[in-house]
Every structure is written in C-alpha cells, then in structure tokens.
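Given next are the chains, with one letter for each unit.
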Amino acid sequence: MDVAVILTYRCNSKCSMCNIWKFPTHPKDEVSLETLDKIPYGVDYLNLTGGEPTLRNDLPEIVDLLYPRAMQLEISSNGLHTERLEPIIKKYPDIKIRLSLDGFELTNDSIRGEKDGFKKKVNGLIRLKELGGKDLGFAITIQDDNASEVVELFRFAEENAFELATSTLHNGFQFHKSDNVPYDRMKVAHQIEDLIVEQLKTANVKNWFRGYLNLGLIAKVLGHDRMLRCTAATDFVFIDPWSDAYACNVRPDLLLGNLEEQTWDEIYNGSKVDQIRDEVFHCKQNCWMVGSAKTAMRHPRYAKIPRGGPLLWVLLNKIKVTLGRGVDFHRYIDYSMVHKDQSITKRESFLDRTHGKTLQRKDDIHYIHIGDFFNK
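Since the model is a prediction, treat every value here as computed from it, not as a measurement.

Caption draft 1: Representation of the side chain of T25 within the structure. Here T25 is to be found in the loop between β1 (2-6) and α1 (33-36). Side-chain polar atoms of T25 contact the backbone nitrogen of Y9, separated by 3.0 Å. At 2.7 Å, the side chain of T25 and the side chain of E30 are in polar contact. Ignoring anything within four residues of it in the chain, the contact list for T25 reads T8, Y9, R10, E30, P241, W242, L359 and Q360.

And the structure:
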C-alpha cells in the first residue's frame, strides 16, 4: 500500500496549472508529528508532498519518524530550497527526491512562476548528488507549453544520471484546479510518443516501464478511458494538511476519515471504506497520475512485480526498439478518438506578477472554491 501526505498547502512557486499557492494553510493547522505517528509500518511507498514540503520547519523530524515505515520514502519538492534537503540526504542518502522541472530555463520559469527556478533546481540536485544522494530526479507535468522540450529534458536528465518522472494536466482538490485542459490534445500526444521511444532505447529497466506509464498519459491526453482500473482506497491513500484521509487527491467526496481523530485501522478498514472502494471501481474521472498509475501497474499481491499486461508491453516494445522497428502506437491507441472540449481556459504565467492569497484554516469548509470539474 502507498501513502501520500500533503504536508502543507503553502508554496513558493506560482504554477499556471496549480492553484495551491493561492490557498495556503496556516502552519499551526497542518498535520502534526503525533498524527503522522499513526501511519503504520510496512508501507510500500510513502510520498511527502505539498504545497512545498521544505516550508515545513519540522521536515527533518517528519522524515526521522516516517523513514523506517516505508520500503521507499519520497520527498516531492519544487527545488527552490534544496539546501533544506541537504541534511536529510546526508542522513538518508537513499531517500527519493523529485524536483518539479517543467522545461528548460525560460519555459520552466514561466510555467512555474519561478525567478531563476531552473538554475536553482539543477544546481540543487547536483549538490544533493555530491552529498551522496542515490535516487535523484526531476518531475515534469507535460502540457502544451513544454511538450516540445520533454525529449531533450529526458536526455539532459540521463546525461546527468538523474531520473525523469512524468505526469500531465489534471484537475483535482490537491491542485485547487478545475480548468486544466490541453489546447491541442493530438499534438501533445504525439510528442509523448517520442519520449517513450527514447526511454525504451536506454538500458534502464525503470525507463522501460515509464514508457508504459507514458502510453497511459497519451490515452489520458486524448481523453480516453484509463488503460488500467484505478485502485484508490485499496492500494493508496492521500492525507491532506488537515489530517483528512482521502481515497485519492482528485475527488474530495471520497473522504475516508480524519487521522487526527481516528486510528489508521478505523480509516483503512472502517465502515465507509467498502462504499468508497465501490465508488472508485465505478469512477468516471479519467485520471492517470503517477500515484494511481504505478499502483495499477503492480501485481496485486507483490508490489515489486508488474502486472502481466504492462510487462508484456515492455518486453515486446523493448525488443522492437532494439531491433530498430519502433513502436506501433496505433496498435494501443485509437487516434481517431480525441475528446472535444466545450471550452478551454488559457493558462497564464505568474512570473514577475503578484496575486492575492486566501488563507485556509482548519475549521473552514475545504475545497468548495474549486467548483465542479471532470478529468477527460
């Protein structure tokens, strides 16, 4: 089972595809060490995310508490303050670090509203590598504004022995967003094809399976149904900054309970969980994020082993690419079916711009400002 903890909604980036930074939490309201201590031992994968987790002054103590409980612990950061990760990497060099990087210098800084963001992330990750970090990489949200750079960004990561994780535009409560839609679905989908081929050319097995994950991104971008059924509330749980536990980070109606007020067993095996798992089974939200995709790709009983479908796809297409035959994407994706959006909202850059923020308190009614949304 995987667990993701959204430690805070405070954020010092100003991304065009995510409004977290407009609705920060109050530090006094954020999930406490005492509450996090209820997370059980034996978790497969535990992600500390945000907002920006390095804005938590007690992040080192949180890592000390949770590191022994998971087979793998990740910190997902914007990378603007990697100096705050340095003592953590020195102590736990095998912790997974992913820094959000949405293109090269001008592109990243514009999309993410970060002055000198690209330089800070690259230099910061190099420094973490010098300190002994063993699982370091970038994470990109593929969209119209950066899809043309994704192959070169992958090559850049490979040249520097860094990983590159991928996702695409989504709407959901974690992002405080309801209008993320690609401008040109077909164009973005074809640019992801090039990335998949590059990944299959490498000698890195993880890259091969990322190729399959990115095949799922093509389906998502085109508006197709998920390639594999979601297993939210069974294989993964999200905890927000107010200790509310959800099946996923998209639907705020799939609330399992509150970890501050309840035990882990009451949340994961409680009276509501069967109903919520049934809703997940019939969910029509077309999501394909790393968290929900990789758990769906796993064997249901053995977390380190892939399911048969992804495994066969990887083996077949790795052989084809090695032999110079390429990937027959039309065998897996129906490009004649592209979702037609009724309206598309232009994403705007907040680089060098100020914008008001609305403080969210623990006793407020949360996520109602997002409005109705549907991922397609």
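Caption draft 2: Representation of the packing of aromatic side chains in the model. For the coordinates displayed, the defined rule picks out 17 aromatic pairs. Ring geometry for F118 versus F156: centroids 6.2 Å apart, planes at 40 degrees, classification tilted. Highlighted residues: F118 in helix α5 (residues 117-130) and F156 in helix α6 (residues 150-159), separated in sequence by 38 residues. Considering the side-chain rings of F173 and Y367, the 4.7 Å spacing of their centres and the 45 degrees angle between planes classify their relative orientation as tilted. Taken as a pair, F173 in the loop between β6 (163-168) and α7 (185-201) and Y367 in the segment after α12 (308-322) lie far apart in primary sequence, 194 residues in all. This pair shows no difference in class: F173 is buried, exactly as Y367 is. Among the aromatic side chains, those forming a connected cluster through ring pairs are Y9, F173, W242, Y246 and Y367. Here the basic side chain of K129 rests over the ring of F162, its NZ or CZ set 5.5 Å away from the ring centre.

Caption draft 3: How the structure looks around the pairing of strand β2 (residues 43-49). Among the seven residues that make up β2, seven are buried, leaving the element largely enclosed by the rest of the structure. Bridging between β2 and strand β3 (residues 70-77) involves five bridges; their strand directions are parallel. Residue pairing in the sheet places L48 in a bridge with I75 of β3. Regarding the hand of the β-α-β motif, the stretch spanning β2, helix α2 (residues 59-66) and β3 is right-handed.

What counts, and at which threshold
Sequence positions are assigned chain by chain, starting from 1 and proceeding in written order. With the structure being a predicted model, the display of local features is reserved for residues of pLDDT at least 70 and the display and counting of side-chain atom pairs for 80 or more, all residues being used for whole-chain, interface and lining totals. Here the side-chain values reflect all heavy atoms present in the structure, with hydrogen atoms and water set aside. Only runs of H or I of at least four residues qualify as helices and only runs of E of at least two qualify as strands under DSSP, and these elements are numbered from the N terminus. Whenever two N or O atoms come within 3.5 Å, that pair is a polar contact, provided that in protein one can donate a hydrogen and the other can accept it, and provided that, for residues adjacent in sequence, both atoms are side-chain atoms. Every residue pair with non-hydrogen atoms within 4.5 Å of one another is taken to be in contact. Under the pairing criterion, centres of Phe, Tyr and Trp rings, with the six-membered ring standing for Trp, must be within 6.5 Å; the plane angle then separates stacked pairs below 30 degrees from edge-to-face pairs above 60, leaving the rest tilted. Accessible area is worked out with a 1.4 Å probe on protein chains only. A residue is then buried under 20% of its type maximum, exposed over 50%, and partly exposed in between. Working rule: Lys NZ or Arg CZ, within 6 Å of ring centre, within 35 degrees of ring normal, means a charge sits over the ring. One bridge is not enough; two strands pair if DSSP finds at least two bridges between them. Handedness rule for crossovers: strands pointing away from the viewer, path from the first strand over the helix to the second running clockwise, crossover right-handed.

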